[in-house]
Amino acid sequence: MTDSPITKESPKVGVYVCHCGGNISDIIDVKRVAEEMEKIPGVALSTDYIFMCSDPGQQKIKDAIKDGRINRVVVAACSPRLHELTFRRALTVAGLNPYLLEQVNIREQASWVHKTDHKGATEKAIRLTRGAVEKVKLAKPLDMIEIKSLPSAIVIGAGPAGLRTASDLASGGSSVYLLEKTPFTGGNAVKIDKLYPTEEDAKEIVGKMNIEIESNNNIKLLTCAEVSDATGGIGNFKVTVKQVSRGVVAMMSEKEFEDAARACPVEVDDEYNCSLSKRKAIYMPYKNAYPALPAIDWANCTLCGKCAEAVKGKIDLVKKVENTAIESGVVVVATGYEHYVPAQAEYGYGAKNVITLPQLIRMMDKTGPTGGKIEINGKKIKSAGFIHCVGSREIDGVKRPGPERPLNAHCSRVCCTAILQAARELQENNKGIDIYSFYQDIRTYGRDAELKYYDKVSAGGAVFFRYGPSELPQVSVENGGINVKMKDLLTAGEKIEVTVDLLVLATGMVPGDPGAIADKFKMPKSVDRFLQEVHPKLRPVETAIGGIFLAGTCQAPFDMTEATAVAGAAAVKAAAILESGSVQLEPYVAVVAKEKCKCHGECVKVCPAKGAIYIDEAEQKAEVNQMLCISCGNCVAVCPERAIDVQGYEISRFESIVDEIVRE
Amino acid sequence: MKKYHTVVIGAGIAGMETAINLGNQGYKVLLVEKEASIGGNMIALSKVFPTLDCSSCITTPKMSEASHHDNIEIMTYTKAISVIKEGPEFNVKLNKKPRYVDEKTCIGCKKCEEVCPVYAKHEFERETGSRKAICIPYTTAIPQIAVLDPDTCMQCGKCYDACPTEPKSIVFDQEAVELEVKASSVVMSTGFTLTAKDRKKEYINGSEKNIITAFQMERLLAPSGPFGSVMRPSDGKAPENVAFVLCAHSRDRSIGVPYCSRVCCMYSIKQAMLLSGALPLCDITLYYMDIRAFGKGYEQFYRNAEAMGIKFIKAKVAKMSEDKDGIVEMKIEEIESTGAPVSVKHDLVIMANGILPGAEPGKMASINTDEYGFISQEKMKYDPTATNIDGIYFSGTAAGPKDIVDTIAEAGAAAMKAANYITHGAGK
Ligand SMILES: Cc1cc2nc3c(=O)[nH]c(=O)nc-3n(C[C@H](O)[C@H](O)[C@H](O)COP(=O)(O)OP(=O)(O)OC[C@H]3O[C@@H](n4cnc5c(N)ncnc54)[C@H](O)[C@@H]3O)c2cc1C
């Protein structure tokens, strides 16, 4: 393709000005833009059309190429991020090298930002398009860089999303490393003993997924494992996994585990029960946790050796840290979320009987810390209040989270339904209980949620008070009673005061640890601090880093149904790469004009991608590793000899754009 | 009998995305669409929340990708009738409706459309605009092949005369064709439809002009829409005081739609924002029960709308009526004041209709549906796109209201499941 005779001819540029159905043409005089381009030498054809991205629009380009009327293309339309691929494909189909295309953005950069200045916007569009015409004239045909992809995936995090992705990929035939930083699979989900709306036990559902994982030889599960370093890129990720020994080295019977735990003198808060109970330094979160081997909590273990004495030969208290290098073609991040933990005294948090929703959910589990009982001093509670949106939907200026944490402006999506599910269960188990909900909006949007929970709880006599975003409920704890005061919008702002036995704070989801993972892979985050997708609709599970995909709540709050659907979507995108065995990369890489290079070494110093540019010692010239180059252009800027250029983005081409934009 | 790895039923965003995901893995897909163009409901939207991308801009590339994909074959104007499992595989019966235009010879030149003297209500414009009795379905339709509507055609023959192809592409005696294909797996993405405009008699009696549906508003707001601006249907004037009635046909037992339609809050906010951009002087009020802005970035989107000066009033709308000047009077119960019924007036009202299943997937195949006809999620919590039959999966609104982001996630998941079923269940 590179040598296609078409491109040896002198440039015959085709210019296509898109109306974008009015998005552009309502502001910009597209006909004039097209006419102006026609005057430029080398422009063989210039026209406008309602939707260039549509099939008939693309057909216009293809026909002109096939007829030999044009051999370079400029599309003046939206952002190339949206449609560059679309138009490149059209060029390819018509037999023209796809890099002989220039898409110039006259929508975001002209019509949308100059809505009230039609003349100015048109003038700007003309200048921008003129620049693109000159730029495309200097374009050379390029070929994508094809690299082989390793046939394996690394999935980070073994909650429901990670389990789903791993299982999907493995049953398609790919080999999968599934990394989990704790000793057990299941993530936060296994703390939920009844999932809305099916009321299934998450431990059982995760149990089914564990079986899928265990029975698939393509999956290698590494627990107590964290990513400590990551290099490489799509097709060839190199990840160093730091794995800490589990401490327990052989299968233990239930009795042996009990003996060992009894012998352990250490007691710490049990995170599985949201700190409502204690556990030992040798532990297992729940009975059927997977892998079915207890683990030593090294952070709290005193190495006293009592557990090892109690069950001989099964525990090794010498903590071993192993660093293993693993490689893969793709990476799927499924690191999940964390429950928001209120600050001390936030809505009375810290006082007795002020608990969080995740804590209540643990208490309602029959196998949980209170055996399913919600009692105070041995008596069933008579009233419970729920404050919605704790740590969610915060508004700057109203809620000051303090310097230690940023604002959580997002809605956590699951809490409304989870609250009402819990409230319904309380109504069923504690006949006559008074339920109070302090809310902003009831967001029971999901399947069955409205009828099964919201309607039922309302019919059961629950009282709803609505607070506004700028006046939050005030909680005070006085001689045993918990007092909630607020202005109720539903009664025209009447001040209400309610005393409850138990106050539940519906704490939402906040990004869990993605900091560490995001930094290791240099992944961008959204303003809400969750990991960011490329585009919510066009590329919802892809990240800005090629070959890294997002699954589950590391991206945004989701319930388990939604998280596993997204995980399936991540799997299918990863599978497409793994199945074909190769990836195509953009040819925009640095190239060194060897004759000019004097080996100053400045380029190597500023290169942010380890090893992308280096000095070939034998030749004493700079050399580029195309696979690693990220086209940042740092080396171009610092080279004292001007010996480096980024292919496709040569300085000479930029100069021609600038000249055209400023030309009178 | 022709055989495919997967037959995808319905070519909305769910079906297209499912097909592309499968095609990219090398599977042969038949994508069946009952309408004359692929694209479903999404291609008719104006702009989409929460990014406010223009909907054509992100739907057309998908349509184009699906239609040019080496591994995807598309049949439009073809309805899937039944799906029957035989061993691990499926027999799918299809009914290809007569287009009265030969798909092989039509070149999409629109000459027929130009000469046709008949104007009929345009389905794509949700009846806000008109089309000819023979026409290309809409500007960005795929394929660009004309379709003749026998109900409005008066058989004058002008189109036949104008057709430049040899032989003529207009075939008045074309008949429906029944076909059957085999597939290793099936994905149902039959989508949604909206409640009829007059579903709630307290709102609509029949003659009202300035009470429109949400989808009509989408078309009025679409840059490519029938008028290129928002105007009152009664007199073509720009509205000055507009109301959006949320949950107009949802969360309402009295009309049989007790569930939440899930997208209306967000699209109404979106429409209000677009309207405010187009007519900055217009007063805009949203009457709502709860604002359900639960997706990524949605809450922030809602706050932005408030900051733009759009009014949000928590209220139940009890009754609407339109006077002879086209002013709509609404009896509302304003929940956050005294709660006493008050009367408000607006010169244009947009109802957020409820979402219903777009087809009867439960009758097509022996898959379970809920009482409203949406496909049941048999393994909802860990395998969300599975039905009760191995080898049949679903994506999108066929299994309940949802937005595009959630639909696309399911399309990926369903494609993955279908691919793995082909490998293990039915053989590649
Ligand atoms: C007024 C309005 C505004 C909206 N705005 C937004 C927004 O801004 N952002 C957002 O994210 N979402 C929005 N939505 C939601 C969005 O439209 C849906 O999420 C999306 O269209 C669902 O896609 P789908 O493919 O599931 O269904 P559909 O678009 O309904 O596609 C289903 C397709 O299947 C075909 N079909 C059905 N039965 C058969 C059969 N038997 N054989 C062959 N073909 C069949 C249908 O003809 C149709 O083409 C809005 C919805 C409405 C009503």
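In the block above lies the structure referred to throughout.
Just so you know, these numbers come straight off a predicted model, no measurement behind them.

What to know about the site of the ligand
Inspection of the region around the ligand gives 39 residues, with Glu33(B), Asn41(B), Lys270(B), Thr397(B) and Lys402(B) positioned closest. Neighbouring residues of the ligand are not confined to one chain but are distributed across chains A and B. Take Ile13(B): an N or O atom from its main chain is 3.3 Å from an oxygen atom of the ligand. With respect to the ligand, the backbone of Phe192(B) contributes an N or O atom lying 3.1 Å from an oxygen atom. In isolation the ligand offers 1,000 Å² of accessible surface; the protein chains occlude 98% of this area. For the shell around the ligand, the secondary structure elements donating two or more residues are α1 (13-24), β3 (47-48), β6 (78-86), β13 (192-194), α5 (214-221), α6 (264-278) and α9 (404-426) of chain B. Taken together, the residues that form the shell around the ligand break down as 18 nonpolar, eleven polar and ten charged. Split by domain, the shell around the ligand shows at least three residues from each of two domains, domain 1 (2-96 + 176-191 + 358-425) and domain 3 (195-354) of chain B.

A word on the environment of Tyr302(B)
All names here are of chain B. The residue tyrosine 302 is located in helix α7 (residues 298-307) in this model. With a relative accessible area of 3%, tyrosine 302 lands in the buried category. Distance from tyrosine 302 to lysine 270, taken between C-alpha atoms, is 8.6 Å for residues 32 residues apart in sequence.

Topic: the sheet that holds strand β15 (residues 321-328) of chain A
All names here are of chain A. Strand order in the open sheet made by the three strands is β9-β10-β15, with antiparallel pairing throughout. With one partner strand each, in any of the chains shown, β9 (225-233) and β15 form the two edges of the open sheet. The mean angle between the axes of side-by-side strands here comes to 20 degrees, regardless of whether they run parallel or antiparallel. In this structure, β9 lies alongside strand β10 (residues 236-244), joined through eight bridges in antiparallel fashion. Across the sheet, residue glycine 232 finds its bridge partner in β10, namely phenylalanine 237.

Some words on the interface of chain A and chain B
Contacts between the two partners involve 84 residues from chain A and, on the opposite side, 76 residues from chain B. For chain A, the biggest contributors to the area lost against chain B are Tyr445(A), Arg447(A) and Lys537(A); these three give 13% of the whole. At the surface where chain A touches chain B, the tally comes to twelve salt bridges. One salt bridge connects Asp370(B) with Arg447(A), and the closest N-O pair in it is separated by 3.1 Å.

Focus on the packing of helix α6 (residues 160-171) of chain A against helix α7 (residues 202-214) of chain A
Angle between the axes and distance between the axes are the two parameters that describe a pair of packed helices. Residue and element names in this part refer to chain A. At a minimum axis distance of 10 Å, the contact between α6 and α7 shows a crossing angle of 35 degrees. As for how α6 packs across α7, the hand of that crossing is left-handed. Here α6 contributes Pro160, Leu163, Arg164, Ala166 and Ser167 to the contact with α7, which in turn contributes Val206, Met209, Asn210, Glu212 and Ile213. Classifying every residue of the contact of α6 with α7 by side-chain character gives six nonpolar, two polar and two charged.

Thoughts on the sheet that holds strand β1 (residues 13-18) of chain A
All names here are of chain A. Strand order in the open sheet formed by four strands is β2-β1-β3-β4, and the pairing between neighbours is parallel. The open sheet has two free edges, formed respectively by β2 (43-49) and β4 (101-105), since each of these has just one partner strand. Sheet twist, expressed as the mean angle between neighbouring strand axes with direction ignored, is 15 degrees. Alignment of β1 against β2, held across six bridges, turns out to be parallel. Each bridged residue has a counterpart across the sheet, and for cysteine 18 the counterpart in β2 is tyrosine 49. Running at roughly 175 degrees to β2, helix α1 (residues 30-38) makes contact with β1 and β2 of the sheet. Packed onto the sheet, helix α3 (residues 80-93) meets β3 (72-77) and β4 and runs at close to 155 degrees relative to β4.

Rules and cut-offs
Residues numbered from 1 in each chain as written. Chains lettered and ligands numbered in written order. Predicted model: local features only at pLDDT ≥ 70, side-chain atom pairs only at ≥ 80, totals over all residues. Heavy atoms only, no water. Near = heavy atom within 4 Å. Polar contact = N/O pair within 3.5 Å; in protein donor to acceptor, adjacent residues only side chain to side chain. Areas by Shrake-Rupley, 256 points an atom, 1.4 Å probe, with all protein chains shown as cover. Helix = DSSP H or I, 4+ residues; strand = E, 2+ residues; numbered from the N terminus. Nonpolar A, V, L, I, M, F, W, Y, C, P; charged D, E, K, R; others polar. Domains from an automatic or database assignment. Buried < 20%, exposed > 50% of the residue type's maximum accessible area, 1.4 Å probe, protein only. Pairing = 2+ DSSP bridges. Axes fitted to C-alpha atoms, helices over the stretch in contact; angles between N-to-C directions. Contact = heavy atoms within 4.5 Å. Buried area = accessible area lost by both parts, 1.4 Å probe. Salt bridge = Lys/Arg side-chain N within 4 Å of Asp/Glu carboxyl O. Left-handed = near helix turned anticlockwise from the far one by under 90°.

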